[in-house]
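Chain by chain, the residues run as shown.
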Amino acid sequence: MARFSFPALAQKALGGHRDWPEQWPQAAPKSEYDVVVVGAGGHGLGTAYYLAKEHGITNVAVLDKGWLGGGNTGRNTTIIRSNYLFDESARLYDHALDLWEGLSQDLNYNVMFSQRGVMLLAHSVHDEQISKRHVHANRINGVDNEWITAEQAKDYCPPLNISASVRYPVIGAALQRRGGVARHDAVAWGYARAAAARGVDIIQNCPVTGIRRAADGRVEGVDTPQGFIKAKKIAVAAAGSTSLVMEMVGLRFPIESYPLQALVSEPIKPVMPCVVMSNAVHAYISQSDKGELVIGAGTDQYVSYSQRGGLHIIEDTVASICELFPIFTRLRMLRKWGGVVDLSPDRSPIIGKTPVPGLYVNCGWGTGGFKATPGSAHVMAWTVAKDEPHPISAPFTLDRFRTGRLIDESAAAAVAH
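Calculation rules
Per chain, residue numbering runs from 1 following the sequence as it is written. Two thresholds apply to this predicted model, a pLDDT of at least 70 for residue-level local features and 80 or more for giving and counting side-chain atom pairs, whereas whole-chain, interface and lining totals are computed over all residues. Side-chain metrics in this entry use all non-hydrogen atoms of the structure; hydrogen atoms and water are not considered. Secondary structure elements are taken from DSSP: a helix is a run of H or I of four residues or more, a strand is a run of E of two residues or more, and numbering for both begins at the N terminus. Radius of gyration: over C-alpha atoms. The globule rule applied is 2.2 Å multiplied by the number of residues raised to the 0.38 power. Exposure was quantified through the Shrake-Rupley algorithm and a 1.4 Å probe, taking into account, for residues, occlusion by the shown protein chains and nothing else. Charge assignment: positive for Lys and Arg, negative for Asp and Glu; neither His nor the chain ends contribute. The atom standing in for a charge is NZ when the residue is Lys, CZ when it is Arg, CG when it is Asp and CD when it is Glu. Given the number of residues in a helix, its expected span is that number minus one, multiplied by 1.5 Å. Partly exposed residues are those whose accessible area sits between 20% and 50% of the maximum for their type, while under 20% is buried and over 50% is exposed, using a 1.4 Å probe and protein chains only. Two strands make a pair as long as DSSP finds a minimum of two bridges between them. To define axes, lines are fitted to C-alpha atoms, for helices over the stretch in contact only, and angles between the resulting N-to-C directions are given on a 0 to 180 degree scale. Remark: nonpolar core denotes a set of buried residues (Ala, Val, Leu, Ile, Met, Phe, Trp, Tyr, Cys) joined through side-chain atoms within 4.5 Å. Between two residues, a contact is recorded if the distance between any of their heavy atoms is within 4.5 Å. Stacked, edge-to-face and tilted are the three classes for Phe, Tyr and Trp ring pairs, Trp counted by its six-membered ring, which pair at centre distances within 6.5 Å; planes under 30 degrees apart are stacked, over 60 edge-to-face, the rest tilted. Consider the ring centre and the ring normal. A charge sits over the ring if Lys NZ or Arg CZ is within 6 Å of that centre and within 35 degrees of that normal. What counts as a salt bridge is simple: a side-chain nitrogen of Lys or Arg found within 4 Å of a carboxyl oxygen of Asp or Glu.

Asker: Lay out the overall build of the protein chain in plain terms, naming residues and giving numbers.
Answerer: A tally of regular secondary structure across the protein chain gives 11 helices and 19 strands. The C-alpha radius of gyration computed for the protein chain amounts to 21 Å, which stays within 12% of the reference 22 Å derived for 417 residues, consistent with globular compactness. The principal-axis extents of the C-alpha atoms in the protein chain amount to approximately 70 × 50 × 40 Å. When the accessible area of the protein chain is evaluated, it comes to approximately 16,900 Å², of which 51% is carbon and sulfur surface. Averaged over its 41 positive side-chain charges, the protein chain has a centre that lies 3 Å from the centre of its 39 negative ones.

What follows is the structure, encoded as structure tokens:
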């Protein structure tokens, strides 16, 4: 097994898990790697795993300024779906969903993937038309999605309030039965353990403070508090910090970072059988295996690296959830948090090479990052190994902002941001 540099906080957090011993051998990074991956979240760890598994590149280091899975991978609402409108997005997210379905077996680690279904509510004629457009577009692309009536939505999710007297009555819904949830931290742990078993080094508490370039312009390594680490290639998968990392090589990236909030309730017995989303009121809800109701809110309307966010957004979201699910009105909220999401100009990811030879980037996912984890990591590993885009990710390169072939999911992703 490869070496870990495991900070005390992560040891304490993961020590109780049967697959993670309380002590890992402390190790400094090697002086040189074939690939350095910046960011030990799901995308970064997954990239390292697929580099080793699919391409035989095992001399890889994954660096993170904190502990593995401590960024946006551990700060999301765990929803997994592939019912995106545009052809390019549908292919990418459905590729991820295909990998999700066998991920626990592939990693030999239970990521708790549960295909309980994702239901997107419609509250108006406009909502219904948009939802049906999604359904038809998805079916053309071989992605499962179906339109159901309000009564069928109630049968599928009994706690849902379909009364005509509410502010936004439910008139129907689009349902993707293959969608669902997974345990976010387990995804990071599973990829980390599987990558380490193939020889990948995971160095935590080791921020990248600079990227060095050779005389011919290629990257030659990264500066860290533990010293300079030489690398032939560098892959950046650092959600919320992409622009800061790119500035180290003089690249101004078309990325804006926004706080995105969520919260969970006190744990209760199983009551929510699926994931329910509402674009009109912007609220979505599911129930974790621990019994907490997981509630997602919207992005703040200002750029920031803060992991807090505005209280009014949480208040509006909770009010909407109470209206859609009156049985939850007496529940107490256990905790709230904020992630920092990277948004590209067309609200679609950027995956591929950068103008700097040997430097690759995976960013701009917005709210789609977690659900895309295995697919994103898989195509990113291909790109790094072969120095060319994977056929699925080819439309998502930086070049689209020059050619104008945008994939404008900003209003088509079935969420309000």
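Asker: Tell me about helix H10 (residues 373-386), and please be specific about residues and values.
Answerer: Note: α-helices contain 3.6 residues per turn, so residues at a spacing of three or four share the same orientation. In this model, H10 (14 residues) spans 20 Å end to end at C-alpha, consistent with the 20 Å of a helix rising 1.5 Å per residue. Of all 14 residues making up H10, 11 are buried, and the element is well covered by its neighbours. Just downstream of H10 lies Asp387, where phi reads positive at about 60°.

Asker: Give a detailed account of the sheet that holds strand S6 (residues 146-149), specifying residues and quantitative values.
Answerer: Pairing is mixed across the open sheet formed by eight strands, whose spatial order is S6-S7-S5-S14-S15-S16-S13-S17. With one partner strand each, in any of the chains shown, S6 and strand S17 (333-343) form the two edges of the open sheet. Neighbour to neighbour, the strand axes of the sheet diverge by 25° on average, direction disregarded. Here strand S14 (residues 275-278) pairs with strand S15 (residues 283-287) via three bridges, running antiparallel.

Asker: Quick one: what's the story with the nonpolar core, residue by residue and with numbers?
Answerer: Core analysis: the biggest nonpolar cluster contains 50 residues, and Leu45 and Trp100 have the highest contact counts within it. If you list the elements that add at least two residues to this core, you get strand S2 (32-38), helix H2 (42-55), strand S3 (60-63), helix H3 (87-101), helix H4 (103-107), helix H7 (184-197) and H10. Setting aside chain neighbours within four positions, we find Leu45 in contact with Gly39, Ala40, Val62, Leu68, Ala188, Tyr191, Ala192, Ala195 and Ile202.

Asker: Tell me about the packing of aromatic side chains, residues and numbers included.
Answerer: With the rule as written, the count across this model stands at eight aromatic pairs. Aromatic rings pair up to connect Tyr49, Tyr50 and Tyr191 into one cluster. Lying across the ring of Phe228, Arg212 places its NZ or CZ 4.0 Å from the centre.

Asker: An account of the pairing of strand S13 (residues 256-265) is needed here, citing residue identities and associated values.
Answerer: For S13, the tally of buried residues reaches nine of 10 residues, placing the bulk of the element in the interior. One ladder, built from 10 bridges, connects S13 with S17; its direction is antiparallel. Its bridge partner being in S17, Val264 is matched across the sheet by Arg335. Strand direction decides the pairing type here: S13 and strand S16 (residues 293-299), joined by four bridges, are antiparallel. Across the sheet, the residue bridging to Leu260 is Thr299, located in S16.

Asker: Help me get a handle on H7, residues and values and all.
Answerer: Counted at 1.5 Å a residue, the expected span for H7 with its 14 residues is 20 Å, and the 20 Å between its end C-alpha atoms agrees. Of all 14 residues in H7, 13 are buried, a share of seventy percent or more. Gly199 occupies a position one or two residues after H7 and carries a positive phi of about 105°.

Asker: An account of the environment of Ala394 is requested, with residue identities and associated values reported.
Answerer: Mapped onto the secondary structure, Ala394 falls in the loop between H10 and helix H11 (400-403). On the basis of relative accessible area, Ala394 is assigned to the partly exposed category, the value being 34%. As a C-alpha pair, Ala394 and Val236 span 158 residues in sequence and 17 Å in three-dimensional space.

Asker: Please set out the pattern of salt bridges residue by residue, giving values where relevant.
Answerer: Enumeration over the complete set of coordinates arrives at 17 salt bridges. Lys132 is the salt-bridge partner of Glu128, the closest N and O atoms lying 2.8 Å from each other. A residue pair is termed a helical-turn pair when its members lie 3 or 4 positions apart in one helix, as Glu128 and Lys132 do in helix H5 (residues 125-140) at four residues. Classification of Lys132 as partly exposed rests on a relative accessible area of 30%. Arg178 is paired through a salt bridge with Asp144; the nearest N and O atoms lie 3.7 Å apart. Here Arg178 is found in the loop between strand S7 (172-176) and strand S8 (180-181), whereas its partner Asp144 is found in the loop between H5 and S6, with 34 residues between them in sequence. The structure contains a network of salt bridges with shared partners spanning Asp94, Asp98, Glu101, Asp144 and Arg178.

Asker: Run through the environment of His134, naming residues and quoting values.
Answerer: Within the secondary structure layout, His134 lies in helix H5. The exposure class of His134 is buried, given its relative accessible area of 6%. Note: C-alpha distance between His134 and Asn145 (11 residues apart in sequence) is 8.0 Å.

Asker: Outline the pairing of strand S5 (residues 118-122), listing residues and values.
Answerer: By the criterion of burial, S5 is predominantly enclosed, with five of the five residues buried. The two faces of S5 match: Val118, Leu120 and Ala122 on one face and Met119 and Leu121 on the other face are all buried. Pairing geometry for S5 and S7, over five bridges, is antiparallel. Residue pairing in the sheet places Met119 in a bridge with Leu175 of S7. Relative to S14, S5 is paired through four bridges, and the arrangement is parallel. For Leu121, the partnering residue across the bridge sits in S14 and is Ser278.

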